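# Examination of the molecular architecture
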Amino acid sequence: QNYANRHLPPPPLHRAAFFSSPIPSVMDEQSGMFNVQQTIGCVLCCKCGVPMPPNVANMCVNCLRSEVDITEGLQKSIQIFYCPECSCYLQPPKTWIKAQWESKELLTFCVKRLKNLNKVKLKNAEFVWTEPHSKRIKVKLTVQAEVLNGAVLEQSYPVEYTVRDNLCESCSRFQANPDQWVASVQLRQHVSHRRTFFYLEQLILRHDAASRAIRIQQVDQGIDFFFGNKSHANSFVEFLRKVVPIEYRQDQQLVSHDVKSSLYNYKYTYSVKICPVCREDLVCLPSKVASGLGNLGPLVVCTKVSDNIMLLDPRTLRCAFLDARQYWRSGFRSALTSRQLVKYFVFDVETPVSEATVGGQKYALSYVQIARESDIGKMFYVQTHLGHILKPGDQALGYDIYGANVNDDEMEKYRLSVKNGLPEAILIKKCYEEQRERKKKKARSWKTKRLPMEMDDSRGRVDPEKTDKEYEEFLRDLEENPELRFNISLYKNKDYEASETASMIDDGEGAPSVPIEELLAELDLSEEEGEDDDDDEEDMAE
């Protein structure tokens, strides 16, 4: 009757019976009117007669799957090649992709290896658990496709990947001859210490930059990295350019030549030189460089070295940044280095004149009265940028310009041009030697990782005692400077006893340390497996 009143034709009758539940009416409290709730009707499957929601094919899901298989023609099994040495998978024809077990990268690699997958629409992909040593990888795929009369059918099916061990080109070359490398990076810094290399080593570990290195060798004044591919060496040099100011040159040597195929085999060498100016060095800028930086200094202190060099004037708190290109254009060197620091006693500290925050570090300009440890009777009244941390009775490390024999032409020119002469001393940092002596035998609550390096004494003798002493100084710098350890991963030390914490607190104001919030827990799979084995043995015993 409703259709007749609206002058509309009645709906067509389907050959299958149509069932619907009675339509209830609900009273709307706000409008006071009855609202009719819509219900979904049911039809009978044309194959099995089971009630179901209506669809275009007029068949239930089970009957539709029995009639049509959308996975027909899709690969159900495939063979992949895996390099056990470098944990890489072969992407034909010659590309090796690094992926961990059941990782997102491995799942993407497995899906891309399948052919004819463009015939259906991929909805989901997930791993099915298998034993790691079974050499089988199972992936469950869910796909959609249009079937009879435009009906959309979704179906899941497993794909089994058979893993075959096969060494990649670089690993096979290394297995045949470990010294058979293609490209080497010779990293050098012509200074009297290795503090820069210790910091650079932690950056390499943090970013996993040397993961493709075949061999790492420590030599005098540097480190050598050997790679099995030229592109890996190029990537490593690009990483070095982003973290330290360097300049490099590339050389190549012909190894072999095939006349018939015109193939040439070369060995490539990258000679990388790091800027010799290090953190805490005193620099006397050349006149051209100082004028280009707004008449800075010229006596400045290097406070930070990253992809650029940060220079601070300790008497005005002005700073400037030099990138690698600007530095190598002038090529100045440090007048005094951290090896020439002298200990001073602080007797008086005046109220700071001005304060400034440069590169995340706070500085305060103040006048202090100091004396050298070796000559207490001689007092100096100098300016310093450490007025915010120094107080009477402290010790500080600085450069003794009054008694130092400086062999620097720029500083000699500056001394002759200044009417009042050079300052007697320039303080660099606060000294915590007395506080460290109390905790000398106590282990640190944190530790760092090291690169697996070999020692090479053929091109210069490496003194292990000197290296250990410089590494201890590097660890102290990490404790004193939070900005220095910002890009470094520090791990909890398992040998550290928690009972020592109370004794450290009782010492009062001591040397700075690394907060426990900055430490990472080192993952040790061997211990976890051992605990699981112990649990299994206990269960079996019960």
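This section reports on the structure supplied with the text. (Residues numbered from 1 in each chain as written. Predicted model: local features only at pLDDT ≥ 70, side-chain atom pairs only at ≥ 80, totals over all residues. Heavy atoms only, no water.)

## A short note on the sheet that holds strand β7 (residues 88-91)
- A sheet is described by the order of its strands in space; here 6 strands give the open sequence β8-β7-β6-β11-β10-β9, paired in mixed fashion. If you trace the sheet from one side to the other, it starts and ends with β8 (95-98) and β9 (121-128), each paired once. When strand polarity is set aside, the average angle formed by the axes of neighbouring strands in this sheet is 35°.
- Note: β7 against β8, 4 bridges, orientation antiparallel. Residue pairing in the sheet places Y89 in a bridge with I97 of β8.
- Contacting β6 (77-83), β7, β8, β9, β10 (136-146) and β11 (152-165), helix α3 (residues 104-112) crosses the sheet at an angle of about 125° to β9. (Pairing = 2+ DSSP bridges. Helix = DSSP H or I, 4+ residues; strand = E, 2+ residues; numbered from the N terminus. Axes fitted to C-alpha atoms, helices over the stretch in contact; angles between N-to-C directions. Contact = heavy atoms within 4.5 Å.)

## Remarks on the environment of V346
- Along the polypeptide, V346 turns up in strand β21 (residues 342-349).
- Spatially, the C-alpha atom of V346 lies 7.1 Å from that of V368, the residues being 22 residues apart in sequence.
- In contact with V346, not counting residues within four places along its chain, are Q369, I370, L390, K391, P392, G393, D394 and A396.

## Details of the nonpolar core
- V185, F225 and L240 are the most contacted members of the largest nonpolar core, which totals 39 residues.
- Breaking this core down by element, the ones donating at least two residues are β12 (183-188), α5 (195-207), β13 (213-219), β14 (222-227), α6 (230-243), β16 (263-274) and α11 (464-480).
- Counting 37 residues, the second largest nonpolar core, distinct from the first, contains M59, C63, L141 and Y161. (Core = buried A, V, L, I, M, F, W, Y, C linked by side-chain atoms within 4.5 Å. Buried < 20%, exposed > 50% of the residue type's maximum accessible area, 1.4 Å probe, protein only.)

## A few points about empty space enclosed by the protein
- With the rule as written, the count across this model stands at 2 cavities of 30 Å³ or more.
- Reported here for the largest cavity is a volume of approximately 40 Å³.
- Lining the largest cavity are R194, F197, F198, E201, Q218, I223, R450 and M453.
- No other element matches the 3 residues that α5 contributes to the lining of the largest cavity.
- Its residues placed into classes, the lining of the largest cavity shows 4 nonpolar, 1 polar and 3 charged.
- Considering only enclosed or pocket space, the second largest cavity measures out at about 30 Å³ in volume.
- Around the second largest cavity, the lining residues are F197, L200, E201, I204, I223, F225 and L451.
- Among the secondary structure elements, those contributing two or more residues to the lining of the second largest cavity are α5 and β14.
- For the lining of the second largest cavity, the element with the most residues is α5, which contributes 4 residues. (1 Å grid on protein atoms, 1.4 Å probe; cavity = no way out; pocket = protein on both sides within 12 Å on 5 of 7 lines; lining within 4 Å. Points joined across faces, edges and corners; volume = space filled by probe spheres on them. Nonpolar A, V, L, I, M, F, W, Y, C, P; charged D, E, K, R; others polar.)

Geometry only, nothing functional implied.
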